[in-house]
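# Examination of the molecular architecture
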Amino acid sequence: MKRLLLLFCLTSFGILFVQAQSVNLPNECKKILDKRFQSWKMAEIEPGIIEYFQRERSFEQPNLIKGDWNGDGKTDYAVLLENKNKAEDKIIVVLMRSKGSYKNYILDAADCLMSVKKGKKDFDLAAKKSFRYKNDAIFSYFWEKAGSSYVFEKGKFRAIGTSD
């Protein structure tokens, strides 16, 4: 009985720990999405992708990530949305901290999002050369197919094909 109780406590703590690491969107960001993206909702994610994130990337969700996209030291967010009436239509809404509020950017989307940390080495498929991320980046991924990394440069996002 004591072992069962201990197992229950450890399991409960583990679940709480994983949930505590998940990304929470600030209320100000939620209000922006509710006001400006009324015909959109958080994208529903395929079960295989969810399982991968639970196992390998418990610090983020496949439809909501955070990072410092522009290198200003403030937390920014990227949200994968799907059209309420046409689920195959998806966009990424980036909410970047700017002068006390959030500025939003809309990017092309795939099946899920992942954050890429500043300093990570990657390969630009088009330029055929390696590079390091100068800031955190947003990786939009067609599951087990291909993906692009979005980097913020000169006031806008640029897509770099980094996976095929």
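The structure under discussion appears in the preceding block.
If you're wondering where the values come from, they're calculated on a predicted model, not measured in any experiment. (Residues numbered from 1 in each chain as written. Predicted model: local features only at pLDDT ≥ 70, side-chain atom pairs only at ≥ 80, totals over all residues. Heavy atoms only, no water.)

All right, on to the pairing of strand S5 (residues 101-108) then. Sheet topology places strand S4 (residues 90-98) next to S5; eight bridges connect them, and they run antiparallel. Residue Ser98 lies in a different strand from S5, and its bridge partner there is Ser101. Linking two consecutive strands that pair antiparallel, namely S4 and S5, is a turn of two residues; a positive phi of about 50° is found at Lys99 within it. (Pairing = 2+ DSSP bridges. Helix = DSSP H or I, 4+ residues; strand = E, 2+ residues; numbered from the N terminus.)

In this section: the packing of aromatic side chains. With the rule as written, the count across this model stands at nine aromatic pairs. Note on Phe131 and Tyr133: the rings are 4.9 Å apart at their centroids and 65° apart in plane angle, and the pair reads as edge-to-face. This pair shows no difference in class: Phe131 is buried, exactly as Tyr133 is. (Phe/Tyr/Trp six-rings, centres within 6.5 Å; stacked < 30°, edge-to-face > 60°. Buried < 20%, exposed > 50% of the residue type's maximum accessible area, 1.4 Å probe, protein only.)

Attention now moves to the sheet that holds strand S10 (residues 146-153). Across the sheet, four strands lie side by side as S6-S9-S10-S11; this open sheet has antiparallel pairing. This sheet does not close on itself; its edge strands, each paired only once, are strand S6 (112-116) and strand S11 (156-163). Between one strand and the next, the sheet's axes are offset by a mean angle of 30°, whatever the strand orientation. Direction of pairing for strand S9 (residues 137-142) relative to S10: antiparallel, over a ladder of five bridges. Bridging from a neighbouring strand, Phe142 pairs with Ala146 of S10. (Axes fitted to C-alpha atoms, helices over the stretch in contact; angles between N-to-C directions.)

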